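Below are the chains, spelled out letter by letter.
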Amino acid sequence: MAPLSPTLQKLEESLVLRGALLDEWVTLGQQIAALEARRTELLATRLDLLAQERSLDPGSDEMAFRSMCAEYAAAAHIPPSTAGAHITNAWVLVRQFPRTLESLAAGTISRRHAEVIVREAPNVSGQADADLFRAEYEQQILPFAENDTAARTRTHARGIAARVHPEGMAEQHRRGRSERTVTVKPDGDGMAVLTAILPELLAYAIHDRITSMADEVTRARPEGQRRPRQSTLAKIRAEREAALGMQTPHDPAPPAHPGAAFLDALDEPAPWEDASAARGVRETEAAEWTAELERAAHAAAESFTPAPFIDESDLLDESDLLGEAGSVDSTPMHDGYGARGHDTRTKDQLRADIFADLLLTTSPTSITSTSLESVKATVQVTIGMSTLMGADDAMGELNDHGPITPDAARILAGQAGSWDRAFLDTRGMVVETDNYVPTAGMKRYLRARDQHCRFPGCRAPAHRCQIDHNQDHAKGGPTALSNLSLFCTSHHPLKHPDVDDRDRWTAKQLDDGVVLWTSPLGRTYTDEPPLRVMFT
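Computed from a predicted model, the values in this text were never measured in an experiment.

Scoring rules and cut-offs
- Residues numbered from 1 in each chain as written.
- Predicted model: local features only at pLDDT ≥ 70, side-chain atom pairs only at ≥ 80, totals over all residues.
- Heavy atoms only, no water.
- Buried < 20%, exposed > 50% of the residue type's maximum accessible area, 1.4 Å probe, protein only.
- Phe/Tyr/Trp six-rings, centres within 6.5 Å; stacked < 30°, edge-to-face > 60°.
- Helix = DSSP H or I, 4+ residues; strand = E, 2+ residues; numbered from the N terminus.
- Axes fitted to C-alpha atoms, helices over the stretch in contact; angles between N-to-C directions.
- Parallel < 35°, antiparallel > 145°, perpendicular 65-115°, else oblique.
- Contact = heavy atoms within 4.5 Å.
- Nonpolar A, V, L, I, M, F, W, Y, C, P; charged D, E, K, R; others polar.
- Patch = residues over 30% accessible without salt bridge, like charges linked within 9 Å, V, L, I, M, F, W, Y side chains within 5 Å.
- Areas by Shrake-Rupley, 256 points an atom, 1.4 Å probe, with all protein chains shown as cover.
- Salt bridge = Lys/Arg side-chain N within 4 Å of Asp/Glu carboxyl O.
- Pairing = 2+ DSSP bridges.
- Arc of directions from axis to C-beta.
- Expected span 1.5 Å × (residues − 1).
- Core = buried A, V, L, I, M, F, W, Y, C linked by side-chain atoms within 4.5 Å.
- Polar contact = N/O pair within 3.5 Å; in protein donor to acceptor, adjacent residues only side chain to side chain.
- pLDDT = per-residue confidence, 0-100.

Colleague: Which parts of the structure should I look at to understand unusual backbone geometry?
Modeller: Where the residue is not glycine, phi is negative for most of them; where a peptide bond is considered, it is trans in most cases. Positive phi outside glycine occurs at His77, with the angle close to 60 degrees. Residue class for His77 comes out exposed when judged on its relative accessible area of 74%. A positive phi is found at Asp189, a non-glycine position, where the angle reads about 55 degrees.

What follows is the structure in structure tokens.
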């Protein structure tokens, strides 16, 4: 076998090093999880010890608990309230969810996963079958948590909790609705924080509606008020130049090339080496490295076309917002008051302004109506036909967030302009939708099946994603459901053919809609379509 060229040899060594770094990082995460499990056991044991010591003197329990929390808080440099929460949560995890603790100790889930599992568990305290309910809940949620992110686990856990103990979940929702409120508090600099505690469905619908309206405002802007995309490398270069302009004579000068300081730190010459020669080699390598980055960034900028719904206002340059003197131009649009001027608001600013406009310029139609009847935002709800007809009161599901009460789901179904019927198998997998046509029907199917971006761990909602041919259409990939998935605008470009081979991912769809991703290192990661929780 012929020896590898120096370039290929360097690439091979780089791949081996990158793989080793990834493996060690994963292993350390598992070890940290095991240590977190041990810390949790220690806190639970301490609370048990306190209960045993104070069993003969119940009146001193509260002060003893406060004293214990204060000691742990002082030792860990955290607030006493935080220490108390850690101690009580640890006791719940250790004594009521033993299988979750075992998974944490084995490193198959993280501390964040364990916290989500405990927080979203069904509220069965005081019931005779509480241990059975929790055991069934753990049995169903742990396999999911061990193969997905904590954020996705939260949504799935809510559905399982509603299925395991539907009466308790419905009661929690009713009790939660009674705590609706709006509060306001000053935030300094003439600003304030307005907080609304609302039913989850309404909160997400409100956010989606003002986001859609902000997109409409952005699309209506004159072409001259839009800024083209700027590469990350260009932004870094601009920030570096700005820092040089603000530099005082006593500050050290930055390196001539971005990689020079890094290489200097890694490879200082030995005393017997020619330091000047070594430095010259390193500076040459740094210059080549920087030039390669610039060429790659330029090629990506030339070939990449942004999706039509990317909000370019979120990518505004500081120069777009600053006047000649370097200060914010005081047009009415910059402070949120007054008539329209040169509109350079970001999407967050647009959301805030539209939120204020809607609240201050409209009146409620009736004090007895429900806001569910006015929902015009994009929300996707799944409800069984038997529940829709009133034959049972099984919980509905708000896509990617969790269960909703059957009454709320029925109201939304009554206000919907059209329905999409989804056929589910025994596992809760969507296998077919009505009104199947080559375009709209397939899109409905994909939205119902995928629910969000299908890159592992991503939760970008379906209506913010693009439909991807897993096997490139230009290379013979069919426009078929078995070759289509939803990817967000952050992860879709990762598999673009114009991306450098060293950075490009590939995606392949397996049976049952499972997407197999392959990283530049050759590692594989699977993402399974989220299951619908079957309420009975």
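Colleague: I tried to follow the packing of aromatic side chains on my own but got confused; where do I start?
Modeller: Aromatic rings considered in pairs are described by the distance between their centres and by the relative angle of their planes. Counted by the stated rule, this structure contains 6 aromatic pairs. Each ring, one from Phe97 and one from Tyr137, has its centre 6.4 Å from the other, and the planes form 75 degrees; the classification is edge-to-face. Of this pair, Phe97 sits in the loop between α3 (80-96) and α4 (98-106) while Tyr137 sits in helix α6 (residues 130-145), placing them 40 residues apart in sequence. For Phe97, a relative accessible area of 2% puts it in the buried group. Measuring from ring centre to ring centre gives 5.3 Å for Phe455 and Trp505, while their planes differ by 70 degrees; the resulting arrangement is edge-to-face.

Colleague: How should I be thinking about the packing of helix α2 (residues 61-76) against α3 in this particular structure?
Modeller: Working note: a packed helix pair is described by the angle between its axes plus the distance between those axes. Interaxial distance between α2 and α3 falls to 8 Å at its minimum, and their mutual angle equals 105 degrees. Comparing the axis directions of α2 and α3 gives the class roughly perpendicular. Contacts between α2 and α3 involve Phe65, Met68, Cys69, Tyr72 and Ala73 on the former and, on the latter, Pro80, Ala83, Gly84, Ile87 and Thr88. For the contact of α2 with α3, a count of residues per class yields 8 nonpolar, 2 polar and no charged.

Colleague: Looking at this structure, how should I read the environment of Val164?
Modeller: Topologically, Val164 is positioned in helix α7 (residues 150-164). Note on Val164: relative accessible area 9%, which makes it buried. Separated by 43 residues in sequence, Val164 and Ala121 place their C-alpha atoms 9.5 Å apart. Dropping the residues within four chain positions of it, Val164 is found in contact with Phe133, Glu136, Tyr137 and Gln140.

Colleague: Please explain a nonpolar patch on the surface as it appears in this structure.
Modeller: Where nonpolar side chains cluster on the molecular surface, the patch consists of Val182, Val184, Leu194, Leu198, Ile206, Phe355, Leu359 and Leu360 and spans about 760 Å² of accessible area. Listed by contribution, the elements that provide at least two residues to the nonpolar patch are β1 (181-188) and α15 (347-361). Element by element, the count of residues in the nonpolar patch is highest for α15, at 3 residues. Locating Leu194 in the fold gives a position in strand β2 (residues 191-197).

Colleague: What am I meant to see in the sheet that holds strand β11 (residues 515-518) here?
Modeller: Within a sheet, each strand pairs with its neighbour through backbone hydrogen bonds, oriented either parallel or antiparallel. Spatial strand order, β10-β11-β12: 3 strands in an open sheet with antiparallel pairing. This sheet does not close on itself; its edge strands, each paired only once, are β10 (506-509) and β12 (524-527). Geometrically, the sheet is characterised by an average inter-axis angle of 25 degrees between neighbouring strands, direction not taken into account. With 4 bridges joining them, β11 and β12 adopt antiparallel strand pairing. Across the sheet, residue Thr518 finds its bridge partner in β12, namely Thr524.

Colleague: Explain the pairing of β2 here, please?
Modeller: Two faces, one strand: in a regular strand the side chains alternate between the faces of the sheet. Two strands pair when backbone bridges link them, and β1 and β2 are joined in this way by 7 bridges, in the antiparallel orientation. For Pro186, the partnering residue across the bridge sits in β2 and is Ala192. From the end of β1 to the start of β2, which pair antiparallel, there are 2 residues, and Asp189 there has a positive phi angle of about 55 degrees.

Colleague: Looking at this structure, I do not really get α4. What am I missing?
Modeller: The α-helix winds at 3.6 residues per turn, so residues separated by three or four positions along the chain end up facing the same way. Taken together, the buried positions of α4 are occupied by Thr100, Leu101, Ser103 and Leu104. All buried residues of α4 lie within an arc of 160 degrees about the axis, which places them on one face of the element. Seen from the buried face of α4, the exposed residues on the opposite side, beyond 90 degrees, are Glu102 and Ala106. Against α1 (6-53), α3, α5 (111-119) and α6 lie the buried residues of α4. Within two residues after α4, Gly107 carries a phi angle of roughly 80 degrees, on the positive side.

Colleague: Help me understand helix α9 (residues 200-219) in this model?
Modeller: Its 20 residues place the ends of α9 29 Å apart at the C-alpha level, agreeing with the 28 Å of an ideal helix rising 1.5 Å per residue. Of all the residues in α9, the buried ones are Leu201, Leu202, Ala205, Asp208, Ile210, Thr211, Ala214, Asp215 and Thr218.

Colleague: It is not clear to me how the nonpolar core should be interpreted in this structure. Could you clarify?
Modeller: What tends to happen in soluble globular proteins is that the nonpolar side chains get buried as a cluster. Among the nonpolar cores identified, the biggest contains 24 residues, and Leu93, Phe97, Leu104, Ile109, Ile117, Tyr137 and Ile141 are the most heavily contacted of them. Contributing elements (two or more residues each) for this core: α1, α3, α4, α5, α6 and α7. Considering every element that reaches this core, the biggest residue donor is α6, with 6 residues. In this view, Ile109 contacts Ala33, Thr100, Ser103, Leu104, Ala114, Ile117, Leu142, Ala145 and Glu146; residues no more than four positions away in its chain are not counted. Judged by nonpolar contacts, the second largest core, of 18 residues, contains Met442, Tyr445, Cys453 and Trp517.

Colleague: Is there a simple way to think about the environment of Phe355 in this case?
Modeller: Along the polypeptide, Phe355 turns up in helix α15. Its relative accessible area of 30% is what places Phe355 among the partly exposed residues. Sequence separation between Phe355 and Arg209 is 146 residues; the distance between their C-alpha atoms is 9.6 Å.

Colleague: Would you mind showing me how to read the environment of Arg449 here?
Modeller: Mapped onto the elements, Arg449 comes out in helix α18 (residues 440-450). A relative accessible area of 3% places Arg449 in the buried class. Within polar-contact distance, the side chain of Arg449 engages the backbone oxygen of Leu481 at 3.5 Å.

Colleague: I tried to follow the pattern of salt bridges on my own but got confused; where do I start?
Modeller: Charged atoms that come close allow side chains of opposite charge to pair. This structure, assessed with the given rule, holds 25 salt bridges. One salt bridge in this structure joins Asp48 and Arg95, with 2.4 Å as the shortest N-O distance. One end of the pair, Asp48, is in helix α1; the other, Arg95, is in helix α3, and 47 residues separate them in sequence. Residue Arg454 pairs with Asp527 through a salt bridge whose shortest N-O separation is 2.6 Å. Here Arg454 is found in the loop between α18 and β8 (466-469), whereas its partner Asp527 is found in strand β12, with 73 residues between them in sequence.

Colleague: How should the confidence of the model for the chain be read in this particular structure?
Modeller: Parts of the model with low pLDDT should not have their predicted coordinates read in detail. Averaged over all residues, the pLDDT of the chain equals 74, while 66% of them reach at least 70. The least confident element of the chain is helix α13 (residues 318-321), whose mean pLDDT is 36; the most confident is α4, at 95. Segment residues 431-438: pLDDT under 50, and 19 contacts once partners within four positions in sequence are set aside and those in other chains are kept.

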